Amino acid sequence: MAAPLPAKLQAMVDELSAIDDLEEKYDALIEMGRQVPDIPAERKTEACIVHGCQSLVHVYSTLVDGRLQLRGHADALIVNGMLALLVLGLNGLTPEEFLRVDPKFIEKTGVMQALTPSRVNGFYNVYQKLKADALAAVNA
Amino acid sequence: MAYDIEKIRSDFPILARQVHGKPLVYLDNGATSQKPRAVIDALVHFYSNTNANIHRGAHGLGSEATSAYEQARGVVERFVGANNGNELIFTRNTTESINLLAQAWGRANLKAGDEIVLSQSEHHANFVPWYMVAKERGAKLVLLPLDPDGRIDVHAARALITDRCKVLAFTWVSNVLGGVNAVEELAALGKARGALVFVDAAQAAPHFALRLAERGVDAAAFSAHKMLGPTGVGVLWAREALLESMPPWQGGGSMISSVSHDRVTWNRLPWKFEAGTPNIADVVAFGAAVKYLKALGWDALQAYEDVLCTYALQRLARVEGLRLYGPSGPKDRVAVFSFSLDGVDASDAGALLDAQGIEVRVGHHCAQPLMDTLCVAGLIRASAYLYNTTGEIDALVAGLEKVVSKLRPAAASAAKS
């Protein structure tokens, strides 16, 4: 059985999965995206770009006192909402805790069914980039 | 005959369905059209009653299937104004038709220093095949610029089409901008220089009479699926002398006349270019699609689409922050509308419209050179067809207004405060 999701992420997933109407679901997702603080212009470097996304997405993490501080920003609001699930929902975890989260949680939200495959891939690409950071921290 | 839109809509079963719990508003006809019952029935009827391989002549069923296939060819030929029975090749789609021409003709005729003249508004289907053969043969691509309305600039074309031009290949109607290019004028410029003139008619064939033999072009291509027919059928039309002069493209069954150990002779036209078992059932159903369009009549269809187009242009112009690319007036354009919304990501807009049941296309529309020319990453495209209504245009506009109110930056700052 998959490990339980961190409480913050679980709350966000529950909020989305409780909404049946797709329009309302997008509204909630966009609102989550608006809670993500933009990242400083000087941090929007090539190294932070998530490749394989249709829109411009930057994401990075830092390790503070053994916990991951996740930051990110997307030009498109729906992508920013999906990004919020990761950077707000998983913020402050230890790298080990991060690695125990199965990114398939996104399927429970019901937002992926309506999105194009390229956007679905975009989400997993963001996750993979953060995961690489977490792995590097674990192996450091 | 009056254009009975309700009757026409009832001929398309899919239009009655819902998407995400909302009535379907299908405005992605530039990508593919929906299919009337007559086309669906023709497919079912073929497989239920007539199915056999063709051009083998061994049995009665095969003869019936062969005549159904060849009759469909005749129906399409007459519909697009082809000269006779030897000029219309069935392919998989417009893309394959262009690859056939670019490779069979291009490899045999192009050499280093030759120019292949295209336009800045080509779909990748009329760009990449020429790019590939240009690389192979050392030829050069030249792109004709567009005028402010997004049509190919004929004045510039006059200067850019020179004696080095061996192929002039351009789109009749831009899949993004919707403008109808001056096909006869452009073709004359190419012919005056002795170039092969090809026109990509994929977005033209659904909307008006092609009358191919009268346009001064040597070849044209279009797809069944954008004009009510099934997917998997395209057409390459070319003048008989041109097709005769071209070597075959794909080899295999059907395209040969005789095969011995050391010598193969080609079948006559049009079968020289139809290697292997073709898409028999879909070609037959394409015939049914053309009959449906014919029964509606071009005059009635165009008059209706003009009304839709004029209405849509007026309504879209009033959406806050909407910037339309392509002709702003209804003249010489089809009902294809590409636009951006200030401060709104095109893919966000597409997703929010989809959630309202409104199906449009967003992105680069397989026309990246054009996106570069327009300096945009992507656009929202709504493309209407003969079964769309002014009510659906209203739904689109209402949907866009909702998108703008939710997504524009002002809405974001209001949400934060």
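Given the structure is predicted, the values throughout are model-derived calculations rather than measurements.

What counts as what
- Residues numbered from 1 in each chain as written.
- Chains lettered and ligands numbered in written order.
- Predicted model: local features only at pLDDT ≥ 70, side-chain atom pairs only at ≥ 80, totals over all residues.
- Axes fitted to C-alpha atoms, helices over the stretch in contact; angles between N-to-C directions.
- Helix = DSSP H or I, 4+ residues; strand = E, 2+ residues; numbered from the N terminus.
- Left-handed = near helix turned anticlockwise from the far one by under 90°.
- Contact = placed C-beta atoms within 7 Å.
- Nonpolar A, V, L, I, M, F, W, Y, C, P; charged D, E, K, R; others polar.
- Buried ≥ 20, exposed ≤ 12 C-beta atoms within 10 Å, placed from the backbone.
- Domains from an automatic or database assignment.
- Pairing = 2+ DSSP bridges.

1. Considering the packing of helix 3 (residues 77–87) of chain A against helix 6 (residues 117–139) of chain A
Residue and element names in this part refer to chain A. One way to put it is that helix 3 packs onto helix 6 with a least axis distance of 10 Å and a crossing angle of 35 degrees. The way helix 3 lies across helix 6 gives a crossing that is right-handed. Packed against helix 3, whose contacting residues are V79, M82, L83 and L86, the element helix 6 presents R119, G122, F123, V126, Y127 and L130 at the interface. Of the residues contributing to the contact of helix 3 with helix 6, the split by class is 8 nonpolar, 1 polar and 1 charged.

2. Things to note about the interface of chain B and chain A
Between chain B and chain A, the residue contacts involve 15 residues of the former and 15 residues of the latter. If you list the elements that add at least two residues to the side of chain B that touches chain A, you get helix 11 (346–355), helix 13 (390–407) and helix 14 (409–416) of chain B. Among the elements that line the side of chain B that touches chain A, the one with the most residues is helix 11 of chain B, at 6 residues.

3. Brief notes about unusual backbone geometry
Residues and elements named next belong to chain B. With an omega of 0 degrees, the peptide bond between L269 and P270 qualifies as cis. Considering the arrangement of structural elements, one finds P270 in the loop between strand 12 (264–266) and helix 9 (280–296). Of note, L228 is a non-glycine position whose phi angle comes to about 80 degrees, a positive value. Here L228 shows up in the loop between strand 9 (219–223) and strand 10 (234–238). Phi angles above zero are rare outside glycine, and H365 is one such case at about 55 degrees. Tracing the backbone through its elements, the reader meets H365 in the loop between strand 16 (361–363) and helix 12 (368–374). Given 24 C-beta atoms within a 10 Å radius, H365 is considered buried.

4. Description of the domain arrangement of chain B
All names here are of chain B. Taken domain by domain, chain B holds domain 1 (5–30 + 297–409) and domain 2 (40–293). The gap between the C-alpha centroids of domain 1 and domain 2 is 28 Å. Taken together, the contact pairs 22 residues of domain 1 with 23 residues of domain 2. When residues of the side of domain 1 that touches domain 2 are traced back to their parent elements, those giving at least two are helix 10 (298–317), strand 14 (336–341), helix 12 and strand 17 (379–383). For the side of domain 1 that touches domain 2, the residue count by class is 12 nonpolar, 6 polar and 4 charged.

5. Quick word on the environment of Q128(A)
Among the secondary structure elements, Q128(A) is positioned in helix 6. Taking the C-alpha atoms as reference points, Q128(A) and P103(A), 25 residues apart in sequence, are found 9.3 Å from one another.

6. Observations concerning the pairing of strand 10 of chain B
Residue and element names in this part refer to chain B. Strand 10 sits mainly inside the fold: 5 of its 5 residues count as buried. The two faces of strand 10 match: G234, L236 and A238 on one face and V235 and W237 on the other face are all buried. As paired strands, strand 4 (residues 88–91) and strand 10 are joined by 4 bridges and run antiparallel to one another. Across the sheet, the residue bridging to I89 is L236, located in strand 10. With 5 bridges joining them, strand 9 and strand 10 adopt antiparallel strand pairing. Bridge pairing links A221 to L236 in strand 10.

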